[in-house]
Amino acid sequence: HMPETAYGLLFTINCVMIVFLEVPLNVRLAHRPHNRVMAVGAILIAAGLGAIAFAHDFKTAAVTMVIWTFGEMILFPASNALLVDVTPPTRRGEAMGLYTATFGVGCMLAPLLGTWVLQRWGADAAWAGTFAVGCIAAWIFVRVD
């Protein structure tokens, strides 16, 4: 129930964080195990998106957005780095293409599933489900070596 300008400001904060923080953050994390870094990123995304269920004003929405933005900035570069590390050099283009296609399918299916859950069980269930899926992803990342 926020005005459109609030959503625009949240988007702006997200973009500014990514522009100014993503590279320095990932330089610091580059020498850590990719699977552990990915797990931290997934937990932050899960926590930030799950906490949206409790965000009822601009300030709390901004806090949740900052949390999941840090998760994005950590998870996505680490997943690309892991893919490059485990793929033979001659197959990296193919692997990146499959990874990108899979990511695209997820971006297409997530809104469909999310709105289905939202309509059927409500917003709290949608955000709780998002939190649960993020935690499962983090657990899987920890198990990957």
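Owing to the predicted nature of the structure, the values given are computational and were not obtained by experimental measurement.

About the cut-offs
Residues numbered from 1 in each chain as written. Predicted model: local features only at pLDDT ≥ 70, side-chain atom pairs only at ≥ 80, totals over all residues. Heavy atoms only, no water. Helix = DSSP H or I, 4+ residues; strand = E, 2+ residues; numbered from the N terminus. Contact = heavy atoms within 4.5 Å. Areas by Shrake-Rupley, 256 points an atom, 1.4 Å probe, with all protein chains shown as cover. Lys, Arg positive; Asp, Glu negative; His and termini not counted. Charge placed at Lys NZ, Arg CZ, Asp CG, Glu CD. Disulfide = S-S within 2.5 Å. Buried < 20%, exposed > 50% of the residue type's maximum accessible area, 1.4 Å probe, protein only. Salt bridge = Lys/Arg side-chain N within 4 Å of Asp/Glu carboxyl O. Patch = residues over 30% accessible without salt bridge, like charges linked within 9 Å, V, L, I, M, F, W, Y side chains within 5 Å. Phe/Tyr/Trp six-rings, centres within 6.5 Å; stacked < 30°, edge-to-face > 60°.

Draft legend 1. Spotlight on the overall build of the protein chain. Within the protein chain, the regular secondary structure consists of five helices and zero strands. The order of helices and strands in the protein chain, counted from the N terminus, is α-α-α-α-α. Oriented by its inertia axes, the alpha-carbon framework of the protein chain measures out at about 50 × 35 × 25 Å. A sequence separation of at least 24 residues applies to 75% of the contacts in the protein chain between residues at least 6 apart. Just so you have it, the protein chain exposes about 9,600 Å², and 73% of that area is on carbon and sulfur atoms. Of note, the protein chain has its 8 positive side-chain charges centred 9 Å away from the centre of its 8 negative side-chain charges.

Draft legend 2. Layout of the state of the cysteines. With the rule as written, the count across this model stands at zero disulfides. Note on Cys-15: no disulfide assigned, nearest cysteine sulfur contributed by Cys-107 at a separation of 15 Å. For Cys-15, a relative accessible area of 29% translates into the label partly exposed. According to the relative accessible area criterion, Cys-107 is partly exposed, its value standing at 47%.

Draft legend 3. Representation of the pattern of salt bridges. With the rule as written, the count across this model stands at one salt bridge. Note that Arg-91 is salt-bridged to Glu-94, the shortest N-O span being 2.8 Å.

Draft legend 4. The arrangement of the environment of Ala-81 in detail. Inspection of the secondary structure assignment puts Ala-81 in helix H3 (residues 58-86). Looking at Ala-81, the relative accessible area reads 25%, which means it is partly exposed. Distance from Ala-81 to Val-40, taken between C-alpha atoms, is 15 Å for residues 41 residues apart in sequence.

Draft legend 5. Expanded view of a nonpolar patch on the surface. Nonpolar side chains collect at one region of the surface, where Val-16, Val-19, Phe-20 and Leu-21 lie side by side and expose about 390 Å² of accessible area between them. Tracing the sequence through the fold places Leu-21 in helix H1 (residues 4-29). What makes Leu-21 partly exposed here is its relative accessible area of 35%.

Draft legend 6. Spatial organisation of the side chain of Thr-64. By the secondary structure assignment, Thr-64 is in helix H3. We classify Thr-64 as buried; its relative accessible area is 5%. Residues in contact with Thr-64, not counting those within four places in the same chain, are Gly-48, Ala-51, Ile-52 and Ala-55.

Draft legend 7. Looking closely at the packing of aromatic side chains. Across all of its chains, the model carries two aromatic pairs by this definition. The interplanar angle of 85° and the centroid separation of 5.4 Å between the aromatic rings of Phe-76 and Phe-103 together place this pair among those described as edge-to-face. Of this pair, Phe-76 sits in helix H3 while Phe-103 sits in helix H4 (residues 92-121), and the two are 27 residues apart along the sequence. For Phe-76, a relative accessible area of 28% puts it in the partly exposed group. Exposure remark for Phe-103: the relative accessible area of 41% places this residue in the partly exposed category. With a centroid separation of 5.2 Å and an interplanar angle of 85°, the aromatic rings of Trp-116 and Trp-121 are classed as edge-to-face. On the basis of relative accessibility, which here comes to 41%, the residue Trp-116 falls in the partly exposed class. Classification of Trp-121 by relative accessible area gives exposed; the value is 52%.

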